[in-house]
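Spelled out, the chains give:
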Amino acid sequence: MGHVETAMSDFLSQCGGVAVIDGGLATELERHGADLHDPLWSAKCLLTSPHLIRTVHLDYLEAGADIIITASYQATIQGFENKGYPLEESENLLRKSVEIAREARELYYSRCHEGLTDHTADDRILNQRPILVAASVGSYGAYLADGSEYSGDYGDAMDLEFLKNFHRRRVKVLAESGPDLIAFETVPNKLEAQAFALLLEEEELNIPAWLSFNSKDGVNVVSGDSLPKCVAVAESSNKIVAVGINCTPPIFINDLILSIKKVWFLLCLLFSRIIPAPLSTVMLTVIDEIEVTNKPILIYPNSGESYDADRKEWVQNTGVSDKDFVSYVNNWCEVGASLVGGCCRTTPHTIREIYRNLPSRSTAPS
Ligand SMILES: C[S+](C)CC[C@H](N)C(=O)O
Ligand SMILES: N[C@@H](CCS)C(=O)O
Ligand SMILES: [Zn+2]
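These figures come from a predicted structure and were not determined experimentally. (Residues numbered from 1 in each chain as written. Chains lettered and ligands numbered in written order. Predicted model: local features only at pLDDT ≥ 70, side-chain atom pairs only at ≥ 80, totals over all residues. Heavy atoms only, no water.)

A. Looking closely at the pairing of strand β7 (residues 297-300). Burial along β7 is two-sided: Ile-297 and Ile-299 facing one way and Leu-298 and Tyr-300 facing the other are all buried. Relative to strand β10 (residues 337-340), β7 is paired through 3 bridges, and the arrangement is parallel. By the bridge assignment for β10, Ile-297 is matched with Ala-337. (Buried < 20%, exposed > 50% of the residue type's maximum accessible area, 1.4 Å probe, protein only. Helix = DSSP H or I, 4+ residues; strand = E, 2+ residues; numbered from the N terminus. Pairing = 2+ DSSP bridges.)

Written out as structure tokens, the structure reads:
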């Protein structure tokens, strides 16, 4: 394994086997009063309220997150251009998203040094641990700002070259801004996953990345593409160090994990010699063709609520409670997840409960 691949497994070992990802960023900014009724959605805060982004990152770190995801989900050069920003300023805004997250990490570390006596009465988790900054890259559908990342339907004319070129400069600028990894997230179809994987190669980006899809039926990704086939795109790249599901209702997660871990069940059968030798050979061939992954699986679902893209608002009361969300997490880890957190409408409270309920973390000093 190269150093890019070992980086994630070393990190997971340092986290006790399971790493905690942060929760929803945009929706948390909204909870703090930000108005995201804008084509830039959360990226608008890079312009109007960077201090708020830093506060939310810090809140997630103090809730126990090992990985914080930058505010660049809907930050694109084309999106800033539509607002009249010249290229240089747009690139600076992308860099700024990484800088803000890195600043939050520094602030957190300094609070860990000073804070143990000051903050014993509150519920902040102040323990020094390795923390990663993941630079978010949302899909072309996110840029369209019409909820297309929940349909994955870009029309028949869409092709790989277009998607690669749409993301090329943005991904390169983010990769060179000093994050620890790139988070390709809420990826709605296989074509865009391929574009991301190819960009890492073509631009020779020496940075790990994760690839995270969303689903609305618990079987396929939102476009209808097969999840195992999408996951196979991650499998084809050494630079992609984790793959999984985000911004998807929690009730679908268990089955989705099983569908990409299925090979282990078959292998177990083989090794336990339940299956006779001739059949084993046939099954080995089948296994070879099943598009699943050996990479760490990441899971950060949304609250289960649905998004009204016209109103840019969440339909309330359709989701699961924090208590139910957290109660699923250890089960997801048992069936194969190694990175867990939350996406839209989850909060620092959700993440704190996840951290505290993980067997490997429950004894960690606060
Ligand atoms: C993950 S969705 C809630 C992000 C927002 C969407 N791209 C929009 O602009 O409406
Ligand atoms: N990292 C983004 C994902 C949106 S689906 C956010 O939390 O706002
Ligand atoms: Zn989300």
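B. Examining the coordination of the zinc ion (ligand 3) more closely. The coordination sphere of the zinc ion (ligand 3) contains the protein donors Cys-247 (SG), Cys-343 (SG) and Cys-344 (SG), at a distance range of 2.2 to 2.4 Å. Considering all 4 donor atoms around the zinc ion (ligand 3), the spread of angles at the metal, 97 to 127°, places the coordination shape in the tetrahedral class. One chain supplies every donor for the zinc ion (ligand 3), spaced along it as C-x95-C-C. Note that Cys-247 is positioned in the loop between β6 (240-246) and α11 (253-271) and Cys-344 in the loop between β10 and α14 (348-357), a separation of 97 residues in sequence. Accessibility classification places Cys-247 together with Cys-344 in one group, the buried group. (Donors = N, O, S within 2.8 Å, 3.2 Å for Na, K, Ca; no water. Tetrahedral: all angles 85-135°; square planar, octahedral: opposite > 155°, others 65-115°.)

C. Seen up close, the site of ligand 2. Around ligand 2, the neighbouring residues are Gly-24, Leu-25, Ala-26, Trp-41, Tyr-73, Glu-185, Thr-186, Cys-247, Cys-343 and Cys-344. Ala-26 has a polar backbone atom sitting 3.0 Å from an oxygen atom of ligand 2. Note that a nitrogen atom of ligand 2 is positioned 2.7 Å from one of the side-chain N or O atoms of Glu-185. Residues that form the shell around ligand 2 fall into these classes: 7 nonpolar, 2 polar and 1 charged. (Near = heavy atom within 4 Å. Polar contact = N/O pair within 3.5 Å; in protein donor to acceptor, adjacent residues only side chain to side chain. Nonpolar A, V, L, I, M, F, W, Y, C, P; charged D, E, K, R; others polar.)

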